[in-house]
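# Reading the structure
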Amino acid sequence: IQWEKQVRNSAQIHRSGGMSVLVTGAAGFVGSHVSLALKRRGDGVVGLDNFNNYYDPSLKQARKALLNSHNVFIVEGDVNDARLLAKLFDVVAFSHVMHLAAQAGVRYAMENPHSYVHSNIASLVTLLEACKSANPQPAIVWASSSSVYGLNEKVPFSESDQTDQPASLYAATKKAGEEITHTYNHIYGLSVTGLRFFTVYGPWGRPDMAYFSFTRNILQGKPITIYRGKNGVDLARDFTYIDDIVKGCVGSLDTAGKSTGSGGKKRGPAPYRVYNLGNTSPVTVPTLVGILERHLKMKAKKNVVDMPGNGDVPFTHANISLARRELGYKPTTDLQTGLKKFVRWGSL
Ligand code: NAD
């Protein structure tokens, strides 16, 4: 009863035309930011997270405490738990699901393949089944990844490009997720939006990502390992600041809401959409390190090695015209500014 009360309170909407959103992965990096942004503008938000120990669990607890202080309740549980999902949909008629829970990281997949199948495939199907049975059916916005472009050499990457060369098991599970969600869309009429995020960074970020671990190591005087691509070419990423990603997520939820109508009544066939959310200006890893050195006023001890065959792609670069046109997505934070905010956050 107490649990139900907390879920109901958290889902309460405090603005006219607002939505009630189930955010999976709410104790994660992107999930915590999106939950806060929605709550701040008056939407109802309930989080769901299994608090796994892929990286420092105390960071997830700290994000949870932050969310709790803004009246966002995070249910501790697994997305693959069908009974839990049924219970949640029974307590709240969610208008939207923002599905951000996943096993992230390309290298971890070498040692832990099954956690990718569990969290990125089995859990996704369990969630879609729950959405299918829910009344009203919520609109689903979920995180795919730029990694679906794999070894594509044509840049910038556009949504209509081939995605048939995944370079890691992580990428393969995201690609599979796109096929699975598309199938649920056309068979069961679920409204689905897939967002291909490009290397997201910022405060409250993920310690397993290079910008974060580089910063920590530089501060501690420890060496950093920089991978170099084939023929000595530097790796490059389209680093995208968290606030820009959050705006893209919220814009997608708003757009997805329009297509299903109020109360989930559908007007015509439910849409299936995929958008790139990137920054459109790739930066090489050595340049990233240079920016960090300047912000930290410290030199990195660099260890440059050839990239092992571990699933990293040489470069990423988003074409964001579709998201710009249809979601009003417009990234505004360049890497210099974004990294300054990350370094100032300081919880490293
Ligand atoms: P994150 O690891 O910080 O957050 C994911 C959260 O999901 C974690 O808190 C984890 O505990 C939770 N989780 C994992 N499996 C779960 C399960 N089965 N049940 C319940 N909770 C579970 O990662 P993030 O960086 O916030 O990424 C969010 C989403 O965006 C993920 O789907 C990720 O694949 C995708 N993505 C992220 C990036 C990036 O650069 N951060 C890039 C592309 C795509």
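Residues numbered from 1 in each chain as written. Predicted model: local features only at pLDDT ≥ 70, side-chain atom pairs only at ≥ 80, totals over all residues. Heavy atoms only, no water.

### Digging into the confidence of the model for the protein
Note the following rule: Per-residue confidence from the predictor is reported as pLDDT, a score between 0 and 100. Contacts were defined at the residue level, with two residues in contact if any of their heavy atoms lie within 4.5 Å.
Per-residue confidence for the protein gives a mean pLDDT of 94, with 96% of residues at or over 70. Contacts for the low-pLDDT stretch residues 259–266, under 50 throughout, to residues beyond four places or in other chains number 14 contacts.

### Re the layout of surface pockets
Rules: Here the term cavity refers to a set of points on a 1 Å grid, laid over the protein atoms alone, in which a 1.4 Å probe fits but cannot get out; the term pocket refers to an open set having protein on both sides within 12 Å along at least five of seven lines, with lining residues being those that place an atom within 4 Å of a point. Grid points are joined across faces, edges and corners, and a volume is the space filled by probe spheres set on the points. For this classification, the nonpolar set comprises Ala, Val, Leu, Ile, Met, Phe, Trp, Tyr, Cys and Pro, the charged set comprises Asp, Glu, Lys and Arg, and every other residue, Gly included, is treated as polar.
Roughly 420 Å³ of internal volume is contained in the second largest pocket. Contributing to the lining of the second largest pocket are 21 residues, with Leu151, Gly229, Lys230, Met307 and Pro314 lying nearest its centre. Broken down by class, the residue content of the lining of the second largest pocket amounts to 8 nonpolar, 7 polar and 6 charged.

### Regarding the site of the ligand
Formally: Nearness of a residue to a molecule or strand requires only that one of the residue's heavy atoms be within 4 Å of it. Polar contact criterion, stated in full: a pair of N or O atoms within 3.5 Å, where within protein one must be able to donate a hydrogen and the other to accept it, and residues adjacent in sequence count only if both atoms are side-chain atoms. Only the protein chains shown count as cover for residues, and all accessible areas are computed by the Shrake-Rupley method using a 1.4 Å probe. Only DSSP runs of H or I reaching four residues or more are called helices, and only runs of E reaching two or more are called strands; each is numbered from the N terminus.
Neighbouring residues of the ligand: 30 residues in total, closest Val30, Asp49, Tyr55, Tyr170 and Val200. The contact in question runs from an oxygen atom of the ligand to an N or O atom on the backbone of phenylalanine 29, over 2.9 Å. For the ligand, the protein covers 98% of the area, taking 820 Å² as the surface of the free molecule. The set of elements that each furnish at least two residues to the shell around the ligand consists of helix 2 (29–40), helix 5 (113–133), strand 5 (139–145) and helix 6 (169–188). Looking at the shell around the ligand residue by residue, the classes come out as 14 nonpolar, 11 polar and 5 charged.

### Concerning the pattern of salt bridges
Quick note on the threshold: Any carboxyl oxygen of Asp or Glu that lies within 4 Å of a side-chain nitrogen of Lys or Arg is treated as forming a salt bridge with it. Exposed residues in this analysis have more than 50% of their type's maximum accessible area, buried residues have under 20%, and partly exposed residues fall in between, with area computed by a 1.4 Å probe over protein chains only.
Scanning the entire structure with this criterion turns up 14 salt bridges. Of the charged contacts in the structure, one is a salt bridge between glutamate 4 and arginine 8, with a shortest N-O distance of 3.6 Å. In this pair, glutamate 4 and arginine 8 are both assigned in helix 1 (residues 2–11), 4 residues apart and thus about one turn of the helix distant. Classification of glutamate 4 by relative accessible area gives partly exposed; the value is 26%. Look at arginine 8 and you get partly exposed, because its relative accessible area is 43%. Across the pair arginine 41 and aspartate 43 runs a salt bridge, and its minimum N-O distance is 2.6 Å. The partly exposed category is assigned to arginine 41, whose relative accessible area is 28%.

### Overview of the sheet that holds strand 4 (residues 96–99)
Put simply, the rule is: Here, strands pair whenever DSSP counts at least two bridges between them. Axis angles are defined between N-to-C directions and span 0 to 180 degrees, where every axis is a line fitted to C-alpha atoms and, for a helix, only to the segment in contact.
The parallel open sheet is built from 7 strands, whose spatial order is 3-2-1-4-5-6-11. Edge positions in the sheet fall to strand 3 (73–76) and strand 11 (272–277), since each of these pairs with one other strand and no more. The average angle at which neighbouring strand axes cross in this sheet is 20°, direction not considered. Judged from the 6 bridges that link them, strand 5 and strand 6 (residues 192–197) form a sheet pairing that is parallel.

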